[in-house]
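Each chain, written out:
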Amino acid sequence: MSRTPFFLALALSLSAASACDEVMDGEFGADDGLEFRPGGFGAGGVLLNTNAIGDHPLHELNRFGELHEDVQLIAVYLKIVYKDQISWLKLDEVWSEKGQLRGRIKDVYYKGSAFVGSRWDLATYGGGIGKRKMFIDKYRYDEVDGNHKYVFAYPKDVTYGLHYYTKKTQPIKETGMLGACGDINGEGLEAVVYEDLHVDMKDGYVDNEKDLINIACLDGGIGKSALWGFRPWDIGYYEFMGAIRTIRADYCGDGDSWTKPGTAIELEDKWGYHTFADPLLKTEAFFGPKGAACVTRPRRPEIQLTGVECNGAKLPDCKDAKLGDFADTYFWTKAP
C-alpha cells in the first residue's frame, strides 16, 4: 500500500502485488543481450529521456539564453488569440517552479494554461538546421499524482529530420506538429519539467545546476521519477539520482539500464511513499545514488542466471538486509 494516492491510480501495476514500467514497450524493448544499455533508440533498457526536436535531442535549457548542451534558448512567446487574430507576447523571463512553468512580462506573471500554444525559439548546434521552434501543445495539472504535465511539439517540417530517439515522425492529432517525446495512439507523450536540474545523459549523474529547465518525458527514467512520487525539490537532488537508478535498474551507477519497460517490481523507500504490497517477495536490490549496494534477485530473468558484475566484481547478495543497513541507500526493491 502507499501513503500517497497516486501510486494506486497510475498505470504501473500488473496486479495488487506488483508495479512496472509499462510505457512504449514495443518501441523501447531490449534485445536478447544481458546488458540493456540506455543509448539510442532500439538499444534497449529504460532510457534516461527521449525528448527531441527532430534529429536534435533537447533535454535541458538555460533559461537566460546561455548555450547549454548544443542548444540555446532565444526567446519564449505566449500565444494570444483575439477575434481570430493571433499575436505573440515575448516573455521577459521564463522559469520553472516545483514543476510548473512560469513567465513574466514586466509586472505581469503567467503560469499553467497560459503556456498552451507558447512558442520557444531555439538555436541548435552540432548538426542539422541551426534554428528551430518548439511549442507547448497541451498542459494539465494531474491531481492524482501531483504533477504538471506538458506536451512539447515541433513543426511538421522535413528539415527537422526524423526524431532523434524514435527515428520516425510522431504526428499529434488535429495539428500540424510532431510530438517531441513519443507517440501513444497518435498523441504526443507528456513530459514534466524540473528546475535547476542537470542529468548527464551518459552516466545518469545528477547535479543541482542553477537556471536550467529540464524537460523530462514520462517514458524515460528522469520523468518517471515524478510519476513514482520522487521529485528533487521534495527528496533532494542527490537522492533523486537514486530514484532514477532504481527505476532503470542501474545497478552499477554508471548509466546502464538492466531492465525493460513493462518489468514488474515492488518498491519501498525511506520516506514511506511506498511500502511492499507483498513483503514475502524476494529482495531484488537496495539502491542509492551510486547504484545498487547489493543484488539478490536481478529484475530480469535473463540476468538472474549470471548475476550482476560492476567493474569486474560481482555485487554481493543482500541476504537479510533491511532498508538503512547500507549507507546512501534509500530504495528497497523486490522482484515478483
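Our subject is the structure listed above.
Small disclaimer: the values here were computed from a predicted structure and weren't measured.

(A) Looking closely at the overall build of the protein. Along the backbone of the protein there are five helices and 23 strands. For the protein, contacts bridging at least 24 residues in sequence account for 61% of all contacts bridging at least 6. When the accessible surface of the protein is totalled, it reaches about 14600 Å², and 50% of it is carbon and sulfur.

(B) How the structure looks around the pairing of strand β20 (residues 291-295). Of all five residues in β20, four are buried, a share of seventy percent or more. Note that strand β19 (residues 283-288) and β20 share four bridges and pair antiparallel. From the neighbouring strand, Phe 287 faces β20, where its bridge partner is Ala 292.

(C) Here's a closer look at the pairing of strand β7 (residues 93-97). For β7, the buried fraction is high: four of the five residues fall into the buried class. Judged from the five bridges that link them, β7 and strand β8 (residues 100-105) form a sheet pairing that is antiparallel. Bridged to Glu 93 within β8 is Arg 104. Two successive antiparallel strands, β7 and β8, enclose a turn made up of two residues, where Lys 98 displays a positive phi of approximately 50°.

(D) Quick peek at the pattern of salt bridges. In this structure the tally under the stated criterion is 17 salt bridges. We note a salt bridge from Arg 104 to Glu 93, for which the minimum N-O separation is 3.2 Å. Here the residue Arg 104 occupies a position in strand β8, and Glu 93 occupies one in strand β7, the gap between them amounting to 11 residues. Salt-bridge contacts for Glu 302 lead to Arg 300; the nearest nitrogen and oxygen are separated by 3.0 Å. The exposure class of Glu 302 is partly exposed, given its relative accessible area of 22%. Taken together, the shared-partner salt bridges connect Arg 140, Asp 142, Asp 145, Lys 149 and Glu 190 into one network.

(E) Local environment of the state of the cysteines. In the structure shown here, the tally under the stated rule is three disulfides. Each sulfur in the disulfide pair Cys 294 and Cys 318 lies 2.1 Å from the other. For the disulfide bridge between Cys 294 and Cys 318, the dihedral angle about the S-S bond is near 105°, and by the sign convention the bridge is right-handed. Here Cys 294 is found in strand β20, whereas its partner Cys 318 is found in the loop between β22 (313-314) and β23 (331-334), with 24 residues between them in sequence. Taken in sequence order, the bonded cysteines of the protein link in the pattern 1-2, 3-5, 4-6.

(F) Here's a closer look at the packing of aromatic side chains. Overall, the coordinates contain 20 aromatic pairs when judged by the stated rule. For the ring pair Phe 286 and Trp 332, a centre distance of 5.1 Å and an interplane angle of 20° mean the geometry is stacked. Of the two residues, Phe 286 is situated in strand β19 and Trp 332 in strand β23; the sequence distance between them amounts to 46 residues. For the pair Phe 286 and Trp 332, one class covers both residues: buried. Cluster of aromatic residues (ring-pair linked, three or more members): Phe 230, Trp 271, Tyr 273, Tyr 330 and Phe 331.

(G) Local environment of the sheet that holds β8. The antiparallel open sheet is built from three strands, whose spatial order is β7-β8-β9. With partners counted over all chains shown, the strands left at the sheet margins are β7 and β9 (108-111), one partner each. Between one strand axis and the next, the sheet turns through 25° on average, direction left out of account. Relative to β9, β8 runs antiparallel, the two being bridged by four bridges. Residue Ile 105 lies in a different strand from β9, and its bridge partner there is Val 108.

Basis of the calculations
Residues numbered from 1 in each chain as written. Predicted model: local features only at pLDDT ≥ 70, side-chain atom pairs only at ≥ 80, totals over all residues. Heavy atoms only, no water. Helix = DSSP H or I, 4+ residues; strand = E, 2+ residues; numbered from the N terminus. Contact = heavy atoms within 4.5 Å. Areas by Shrake-Rupley, 256 points an atom, 1.4 Å probe, with all protein chains shown as cover. Buried < 20%, exposed > 50% of the residue type's maximum accessible area, 1.4 Å probe, protein only. Pairing = 2+ DSSP bridges. Salt bridge = Lys/Arg side-chain N within 4 Å of Asp/Glu carboxyl O. Disulfide = S-S within 2.5 Å. Phe/Tyr/Trp six-rings, centres within 6.5 Å; stacked < 30°, edge-to-face > 60°. Axes fitted to C-alpha atoms, helices over the stretch in contact; angles between N-to-C directions.

By themselves, these are just geometric observations and shouldn't be taken as functional.
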